[in-house]
Amino acid sequence: MSETGREPLRIGVLGAARITERSLIDPARATGHRLVAVAARDRARAEAFAAGHGVERVAGSYAELIADPEVDVVYNPLANGLHAPWNLAALAAGKHVLSEKPSASNAEEAAEVRRAEKAGTVFMEAFHYLFHPVTRRLHEVLASGELGELRHVEAMVAIAAPPDTDPRWSLPLAGGALMDLGCYSLHALRMLAPWAGGAPRLTAARAGERSGAPGVDEWLDADLEYPGGATGSARCHMAYDGLDMSIRLVGTRGEATAPNFVLPQMDDRVVIRTPEGERTEHLGTRSSYTYQLEAFAARVRDGAPLPLDADDAVTAMELIDACYRKAGFGPRPRTSI
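K.L.:
How should I be thinking about the side chain of Arg 210 in this particular structure?
P.N.:
Within the element layout of this structure, Arg 210 appears in the loop between strand S8 (201-209) and strand S9 (217-225). In this structure the side chain of Arg 210 is engaged in a polar contact, spanning 2.9 Å, whose partner is the side chain of Asp 164. The residues contacting Arg 210, other than those within four sequence positions of it, are Ala 161, Pro 162, Asp 164, Trp 169, Val 216, Glu 218 and Ala 239.

K.L.:
Can you help me understand the packing of helix H1 (residues 19-31) against helix H8 (residues 288-302) in this one?
P.N.:
Between two packed helices, what matters for the description is the angle formed by their axes and the separation of those axes. Running from amino to carboxyl end, H1 crosses H8 at an angle of 60°, the nearest separation of the two axes being 8 Å. One finds that H1 runs oblique with respect to H8. The way H1 lies across H8 gives a crossing that is right-handed. When H1 is examined against H8, the residues Ile 19, Arg 22, Ser 23, Leu 24, Pro 27, Ala 28, Ala 30 and Thr 31 are found in contact with a partner set consisting of Tyr 289, Thr 290, Leu 293 and Glu 294.

K.L.:
Would you mind showing me how to read the pairing of strand S10 (residues 231-237) here?
P.N.:
Side-chain direction in a regular strand flips from residue to residue, so the side chains alternate between the two faces of the sheet. Counted residue by residue, S10 has five buried out of seven residues, so it is predominantly covered. Pairing between strand S7 (residues 150-158) and S10: seven bridges, direction parallel. From the neighbouring strand, Val 157 faces S10, where its bridge partner is Cys 236. Inspection of the sheet shows S9 paired to S10 by seven bridges, in the antiparallel sense. In the strand pairing of S10, Ala 222 is matched with Ala 234. Taken together, S9 and the strand that follows it, S10, pair antiparallel across an intervening segment of five residues, in which Gly 229 is found at a positive phi of about 105°.

K.L.:
Is there a simple way to explain the sheet that holds strand S6 (residues 123-125) in this structure?
P.N.:
Pairing between sheet strands relies on hydrogen bonds along the backbone, with the strands arranged either parallel or antiparallel. Read across the sheet, six strands follow the order S3-S2-S1-S4-S5-S6 without closing on themselves; strand pairing throughout is parallel. Looking along the sheet, the strands with just one partner apiece sit at the ends: strand S3 (57-58) and S6. Here strand S4 (residues 73-76) pairs with strand S5 (residues 96-99) via four bridges, running parallel. Across the sheet, residue Tyr 75 finds its bridge partner in S5, namely Leu 98. Strands in contact with helix H4 (residues 83-92) are strand S1 (10-14), S4, S5 and S6; relative to S5, the strand with the most contacts, it is inclined by about 165°.

K.L.:
Looking at this structure, I do not really get the sheet that holds S7. What am I missing?
P.N.:
As summarised here, the arrangement of the eight strands in space is S8-S9-S10-S7-S11-S12-S13-S14, forming an open sheet in which the pairing is mixed. What marks the edges here is a single partner per strand, and that holds for S8 and strand S14 (277-282). Strand-to-strand twist of the sheet, defined as the mean angle between neighbouring strand axes without regard to direction, takes the value 10°. With eight bridges connecting them, S7 and strand S11 (residues 244-251) associate as antiparallel partners. Note that in S11 the partner of Leu 150 across the bridge is Gly 251.

K.L.:
Looking at this structure, how should I read the packing of H1 against helix H2 (residues 43-53)?
P.N.:
Direction vectors running N to C along H1 and H2 enclose 40°, while the axes themselves pass 12 Å from each other. By the angle between their directions, the pair H1 and H2 is classed as oblique. Crossing of H1 against H2: the hand is right-handed. Contact with H1, carried on its side by Thr 20, Glu 21, Ile 25 and Arg 29, involves Phe 49, Gly 52 and His 53 of H2 and no other residues of that element. Classifying every residue of the contact of H1 with H2 gives two nonpolar, three polar and two charged.

Criteria and thresholds
Residues numbered from 1 in each chain as written. Predicted model: local features only at pLDDT ≥ 70, side-chain atom pairs only at ≥ 80, totals over all residues. Heavy atoms only, no water. Helix = DSSP H or I, 4+ residues; strand = E, 2+ residues; numbered from the N terminus. Polar contact = N/O pair within 3.5 Å; in protein donor to acceptor, adjacent residues only side chain to side chain. Contact = heavy atoms within 4.5 Å. Axes fitted to C-alpha atoms, helices over the stretch in contact; angles between N-to-C directions. Parallel < 35°, antiparallel > 145°, perpendicular 65-115°, else oblique. Left-handed = near helix turned anticlockwise from the far one by under 90°. Buried < 20%, exposed > 50% of the residue type's maximum accessible area, 1.4 Å probe, protein only. Pairing = 2+ DSSP bridges. Nonpolar A, V, L, I, M, F, W, Y, C, P; charged D, E, K, R; others polar.

Structure, rendered in C-alpha cells:
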C-alpha cells in the first residue's frame, strides 16, 4: 500500500528519459507507488531501464503500454513534441496522465488535450515546484502583507548548454529555451495573480536564436504587467554560464528571494528582507517531485483538489505562444507520430 494507506498508483512510463529517475522513480519508491511498465523506442534500453529501476515489466511499444489494463497512470517525459500526441492517446484510453512540461507543442494542441480529458480521469502538467514548501512559503509571505503590495517579480531559469544533438534544440520536436526552462518562469509569475490583482499580461519579449538551429530560441526574456500595476520579468537561457533558477518578489515594504525555486531540494532557502531586518528560512530538502506525486495520487485516489489542471495547461501554452510571437519566433510546430 502507498504511504496514505490507499491502493498505490499503477504507473506506466513512456520512454527511458534521464529525468525519470529524479522526477518519478525516486518519488514512487518514497511513496509506495508501483512502477508497472516502461516502453521505449529501443527495447534494449527499456529493459535496462526496468532492470535498473525496479520497473515490473517492459511493454513492446508506447501504444501497448497505454493499452495495458494494469496501468492506470501514464507518465509522459518524452521530448516536448511528443507530449500532446501521447497525452491524447493515454486520455483516450481512459488513463490518468502526469505529463512533463510543457504539456503540448502549442496552445492549439493543449486545447485538444483538454477536450480529450474524460470524466473521472486526471490530467496534470508536472510543474512540481508549485508543491514544495519553498513556493508555498513565498505565497504565504505575500498573503501575510509582510512585503506590502507586490510591485515587481523577477524569475530566471538558466542552465549550461545541452549537447547540440539534444532534442531540446530541435524545432520539429518543439525545442527551445522557453519550452524547456522559461515555462517555469512564466508559470511562477502567473501563480502570483491572487496578490497582484489578476493574471499578468505580456507587454514585450526578446529572444536569441541558437546558432545552427533555425527557429529555436537559445534565450528569451519576457516582460509582463499585472492588473494591480506590478511588473514582472520572466527570463530563460539554455546556454548559460552556470545554473540560475531564482525568483525575487519585491513589495512596497520588502522583498523575498528563493535562490532555486525550480529545484528547491538543491537549495531550500527563502531570504526575506524588510525594514525590520533580514532572515533566512530553510524549508526542507525533500524533493519537489515527491510532493508532486503525493498531490497527484491524492487527486486520483481521493479527489483532493489540485492547483493544476488541463485548463491551466492551456493558459500556460497560450502565454508561451504569445511570447514566441512577440519575440519574432513562431509557436512550436505540431509533431507527427
